Amino acid sequence: SGRLHMGHVRNYSLGDVVARFKRARGFNVLHPMGWDAFGLPAENAAMERGVDPRGWTYDNIARMRSELKELGLSIDWSREFATCDVEYYGKQQAWFLDLMKTGLVYRRESTVNWDPVDQTVLAIEQVVDGRGWRSGAVVEKRKLNQWFLRITDYADQLLDDLSTLDRWPDKVRLMQENWIGRSKGARFSFQFSGAAPAGHEAGLPVYTTRPDTLYGASFVGIAPDHPLAEQLASDPRVAAFIAECRKGGASEAEIETAEKIGFDTGLTVTHPFDPDWKLPVWIANFILMDYGTGAIFGCPAHDQRDLDFANKYKLPVKPVVLPPGEDPAAFTVSAEAYVGPGTIFNSQFLNGLEIEPAKLAAIERLESQGQGEGATVFRLRDWGVARQRGWGCPIPVVHCAKCGVVALPKSALPVKLPDDMDFSKPGNALARHPTWKDTTCPDCGGAATRETDTLDTFVDSSWYFARFTDTAADAPIDKAAADYWLPVDQYVGGIEHAVLHLLYARFVTKALADQGVLSVREPFAGLFTQGMVTHETYRRQNGEWIEPRSVEITADGNNRRGVLIETGEQIVIGDVEKMAKSKKNTVTPDEIFDVYGVDAARLFVLSDSPPERDTQWSASGVEGAWRFVNRVWNEFDSQPPGPAPAASADPKADELRAFTHRTIKGVTDAVESFRFNSGIARMYEFLNKLKEFPAEGATAPVLAARHEALSAFARLISPFTPHLAEEAWARIGGEGMVVSAPWPDFDPALTQDAVRILPVQVNGKRRGEISVAAGAEPADVEKIVLDDPEIARRLEGLTIRKVIVVKDRIVNIVAG
RNA sequence: GCGGGCGUGGCGGAACUGGUAGACGCACCGGACUUAAAAUCCGUAGGGCCGCAAGGCCCGUGCCGGUUCGACUCCGGCCGCCCGCACCA
């Protein structure tokens, strides 16, 4: 986009804390940065402003790079690349050709989701609520020759291997599980009872998860775009019905309210278990062509949709699953389908079986009749990867009149984009280039045309992490380097990629592993999904949005009011929402860096909320972080320069040392478990404590303890506020730079106070406290408690029944 | 409808495997410094009640109930909010 926003600041600050922390702990850390740079934003800019997308993209990269460098991220910039670099997308073409050889790439005519605004095909994952994920336009259905990657070949693995990703959020794993949507059941074919329509002599295949309810069948349904339905559309009444079905939109509200409608084709099929039983074949709007076989058998008693349909068209409703405790003679289904457990009845050979054994028995019978078999069906569809766009990675094939679709040899790579595409009007700039597509066929040498579709940008982002491990390799991936670094130990990103990027990258990793170019079968061992940066919204009385900087907020007790600075007009403080230009509730990183500095900005986005939750940006919040930065510096600045004085015994110094070591432990634990806000709170506490031990007038042991404290503190803050930490480290004479200093260790013995203050409860209510030596035995503690005059007063008139002592924690006296 | 998550002060949040609820920050209030303001520093602070005060008592983590010596934490049932998927046979 060309500009850093606060979301970037938070995302990369999180990653940078991990990178710096792990480096300090002695790990070899690879923390790279690159640019996902193909795609529509560049084309739109080109069209709107007449600029060259390449120049626009690289200008934006340059600006964002300098902003990122200002953020002070510990990134290895020598590995930087952009997906629109020929050096990158040429390598992508190379492995794409390898996948073509193994049959993972194919081309077929299919109904696709067409985004009329972006003028391109979208993958199913990229259609949200019937709209394009980027443009927001209602997608249309079109038939196109499309390139696909056979991700469904990996459906089982993609699902099963989720269980190995124990450092992924459950939520993301669940979303992928639902998306892949494995279901087990049976696939079988109904035979037509009369003459089969031409081409359907083998019968009508259906898929079901409930073969146990076959005796409850009352109709067979097919999707409006089922081949058989389209064949029957020569009858104008059928054609009219299909047109009627297409009218309904795909949006949530439309599906919710859509009535089930059907058309009786007049065809009948024979029940697989009873040659005398005929079932009518209906075309029904609620059946989806792209799931299962696009055809079902309807069992109204045990499926709500089938029941709604049957009730409307007066089809039979015969229950075949008897709920526990029901009378078989009396049990009926009318408005609500029964989907619970029970025993099969009204079902001949299946009678008396529970549901699961009945499914197996039904499948067995279908198999023995040669009519069908057990089958697993996925919701996951193959990945449509072709985009009719000019600013993308060209698909390295040509179309030859004689040889058909021909993959280019690797020697013909890279297939470079031309420098002079015309982006002034919508559509595919590559396809309308006057000469680029003219070439010769690598097989026959005759004239041929280059493929003008480019790859989905999600292909670009599905393997970049492997390229980072060796960005100069001749091969797309250097196996030794990839084996050394991969999988990515810690990935940080937004939840919006849960079933897009994160699924595609997993698939490509597995496919490339099967090619032998990678050893890992999962790209990301640890995944962290961070929350968004939000901000209050402000509006004028007339509803117009206003920017935070135009508003002054004042507080009167617990009430907050805002006025428009310019006019003094009272404004309306609205909801806290994701920062968005449309609501004018954005704050740009550069304006914050200018006023408060990078460290305060980093500190604040990490301190306010747990990283996985949304964080609310506020001017007063970042001011608090800025105050902390200044107070830290003052503390370092007040310490006499030079080495720590020799230590000798002083209880004051011991107290500070204990606090120092407790803080090291607290911050370390918090950073390790991604609780950065808690870690920062420990650092604030530490600074507050440090003020009780001023350098001025301090004894030599206290000065030494201060030196130890500051030395540790400089290293603790360094992942969060690296610039401040560097200055602080230099100020106290730290060796080298703090960025390369080892993480401080703590002495467990020092994290414990010698004296513990234990709360004393009577019947579970806090009634006092006592001081005992750490680790004091329960029996001794009990004696001290019972000897305590204050506690004794509390127990007056009560009989002690039991005294519970939890070592070093609490005492509870049960009395009555 | 299906699946998942979350409800703690005025606000963001803390409380590790049940053990002093409200750390830390923001806001608020009071004080010091200043001619004044800003900045800075110090301090009070969950709610209610009693007391001149020291102090004391009661209530309190969405609601109701349970387990336990002890529950923000575990169990059961409600209510509310948020997210994902959605006519998936």
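That block above? That's the structure.
Residues numbered from 1 in each chain as written. Chains lettered and ligands numbered in written order. Predicted model: local features only at pLDDT ≥ 70, side-chain atom pairs only at ≥ 80, totals over all residues. Heavy atoms only, no water.

**A few points about the overall build of chain A**
Here's step 1: Per the secondary structure count, chain A includes 24 helices and 36 strands.
Here's step 2: Put simply, chain A has 816 residues, and 50% of those count as buried.
Here's step 3: Expressed as a percentage of contacts within chain A between residues at least 6 apart in sequence, the contacts between residues at least 24 apart total 68%.
Here's step 4: Total accessible area on chain A is roughly 37,700 Å²; 51% of this is exposed by carbon and sulfur atoms.
Here's step 5: Taking the average place of the 91 positive charges on the side chains of chain A and the average place of its 112 negative ones, the gap between the two points comes to 0 Å. (Helix = DSSP H or I, 4+ residues; strand = E, 2+ residues; numbered from the N terminus. Buried < 20%, exposed > 50% of the residue type's maximum accessible area, 1.4 Å probe, protein only. Contact = heavy atoms within 4.5 Å. Areas by Shrake-Rupley, 256 points an atom, 1.4 Å probe, with all protein chains shown as cover. Lys, Arg positive; Asp, Glu negative; His and termini not counted. Charge placed at Lys NZ, Arg CZ, Asp CG, Glu CD.)

**A look at the packing of helix α18 (residues 619-638) against helix α20 (residues 676-690)**
Here's step 1: Remark: α18 packs on α20, axes separated minimally by 11 Å, with the N-to-C direction vectors making an angle of 45°. The orientation of α18 with respect to α20, classified from their angle, is oblique. Here the hand of the crossing between α18 and α20 comes out left-handed. Side by side, α18 and α20 meet where G624, A625, F628, R631, V632 and E635 of the first sit next to M683, Y684, L687, N688 and L690 of the second.
Here's step 2: Tallied by class, the residues present in the contact of α18 with α20 amount to seven nonpolar, two polar and two charged. (Axes fitted to C-alpha atoms, helices over the stretch in contact; angles between N-to-C directions. Parallel < 35°, antiparallel > 145°, perpendicular 65-115°, else oblique. Left-handed = near helix turned anticlockwise from the far one by under 90°. Nonpolar A, V, L, I, M, F, W, Y, C, P; charged D, E, K, R; others polar.)

**Re the packing of aromatic side chains**
Aromatic ring pairs are reported here in terms of the distance separating the ring centres and the angle at which the planes meet.
Here's step 1: For the structure shown, the criterion picks out 41 aromatic pairs.
Here's step 2: With 5.0 Å between their ring centres and 50° between their planes, F309 and Y313 make a pair best called tilted. Within this pair, F309 and its partner Y313 are both found in helix α10 (residues 304-313), separated by four residues, close to a single helical turn.
Here's step 3: Taking the relative accessible area as the measure of exposure, Y313 reaches 24% and is therefore partly exposed.
Here's step 4: Ring centres of F628 and Y684 lie 4.3 Å apart, and the angle between their planes is 35°; on these two criteria the pair is classed as tilted. Of this pair, F628 sits in helix α18 while Y684 is found in helix α20, placing the two residues 56 residues apart along the sequence.
Here's step 5: Looking at F628, the relative accessible area reads 1%, which means it is buried.
Here's step 6: An aromatic cluster is defined as three or more aromatic residues linked by ring pairs; in this entry it consists of F81, Y88, W95, W463, Y464, F465, F468, Y491 and F524.
Here's step 7: Positioned above the aromatic ring of F148 is the side chain of R108, whose terminal nitrogen or guanidinium carbon lies 4.4 Å from the ring centre.
Here's step 8: Note that R365 overlies the ring of F349, its terminal NZ or CZ placed 3.8 Å from the centroid. (Phe/Tyr/Trp six-rings, centres within 6.5 Å; stacked < 30°, edge-to-face > 60°. Lys NZ or Arg CZ within 6 Å of the ring centre and 35° of its normal.)

**Brief notes about the pattern of salt bridges**
Here's step 1: Evaluation of the coordinates by the stated rule reveals 39 salt bridges.
Here's step 2: With its nearest N and O atoms 2.8 Å apart, the salt bridge here joins R602 to D16. Here R602 is found in helix α17 (residues 598-607), whereas its partner D16 is found in helix α1 (residues 6-24), with 586 residues between them in sequence.
Here's step 3: Its salt-bridge partner being E591, residue R549 comes within 3.0 Å of it at the nearest N-O pair. Here E591 lies in helix α16 (residues 589-596) and R549 lies in the loop between β28 (545-546) and β29 (551-556), a separation of 42 residues in the sequence.
Here's step 4: Here the salt bridges do not stand alone but share partners, grouping D161, R506, K510 and E522 into one network. (Salt bridge = Lys/Arg side-chain N within 4 Å of Asp/Glu carboxyl O.)

**Structural notes on the packing of α1 against α17**
Here's step 1: For the pair α1 and α17, the least separation of the axes is 9 Å and the interaxial angle reads 90°. In terms of orientation, α1 lies roughly perpendicular with respect to α17. Contact with α1, carried on its side by V9, R10, S13, L14, D16, V17 and R20, involves R602, V605 and L606 of α17 and no other residues of that element.

**A word on the pairing of strand β36 (residues 810-815)**
Here's step 1: With three bridges connecting them, strand β33 (residues 755-762) and β36 associate as parallel partners. For V762, the partnering residue across the bridge sits in β36 and is I813.
Here's step 2: Relative to β36, strand β35 (residues 800-806) runs antiparallel, the two sharing six bridges. Bridged to V805 within β36 is V811.
Here's step 3: Counting the residues that bridge the hairpin from β35 to β36 gives three residues, and of these D808 lies at a positive phi of roughly 65°. (Pairing = 2+ DSSP bridges.)

**Focus: the sheet that holds strand β4 (residues 120-122)**
Here's step 1: Ordered by their spatial adjacency, four strands build an open sheet running β4-β3-β7-β17, and the pairing between neighbours is antiparallel. Where the open sheet ends on each side, the last strands, each with one partner, are β4 and β17 (383-384).
Here's step 2: Note: strand β3 (residues 105-115) against strand β7 (residues 140-149), ten bridges, orientation antiparallel. Bridged to T111 within β7 is K143.

**Considerations on helix α15 (residues 501-515)**
Here's step 1: Compared with an ideal rise of 1.5 Å per residue, which puts 15 residues at 21 Å, α15 spans 21 Å between its outermost C-alpha atoms and is within 8% of the ideal.
Here's step 2: With 13 of 15 residues buried, α15 lies mostly within the body of the structure.
Here's step 3: G516 occupies a position one or two residues after α15 and carries a positive phi of about 85°. (Expected span 1.5 Å × (residues − 1).)

**Points about unusual backbone geometry**
Here's step 1: In the segment running from L413 into P414, the intervening peptide bond is cis, with an omega of -5°.
Here's step 2: Structurally, P414 is set in the loop between β21 (404-407) and β22 (438-440).
Here's step 3: With an omega dihedral of 0°, the bond running from L486 to P487 counts as a cis peptide bond.
Here's step 4: Its location among the elements puts P487 in the loop between α14 (479-485) and β25 (491-493).
Here's step 5: We note that N763 has phi near 55°; this positive angle belongs to a residue other than glycine.
Here's step 6: Positionally, N763 belongs in the loop between β33 and β34 (765-773).
Here's step 7: For N763, a relative accessible area of 44% corresponds to the partly exposed category.

**Some thoughts on the side chain of E726**
Here's step 1: Position of E726 among the secondary structure elements: in helix α22 (residues 722-731).
Here's step 2: Excluding residues within four positions of it along the chain, E726 makes contact with M737, V738 and V739.

**Focus: the side chain of H271**
Here's step 1: By secondary structure assignment, the location of H271 is in strand β11 (residues 262-271).
Here's step 2: A relative accessible area of 1% places H271 in the buried class.
Here's step 3: At 2.8 Å, the side chain of H271 and the backbone oxygen of L214 are in polar contact.
Here's step 4: A polar contact is formed between the side chain of H271 and the backbone nitrogen of F273, at a distance of 3.0 Å.
Here's step 5: Once you skip the residues sitting within four places of it in the chain, H271 turns out to touch F190, L214, Y215, A217, W277 and L279. (Polar contact = N/O pair within 3.5 Å; in protein donor to acceptor, adjacent residues only side chain to side chain.)

Honestly, that's just the spatial picture; any functional story needs more than this.
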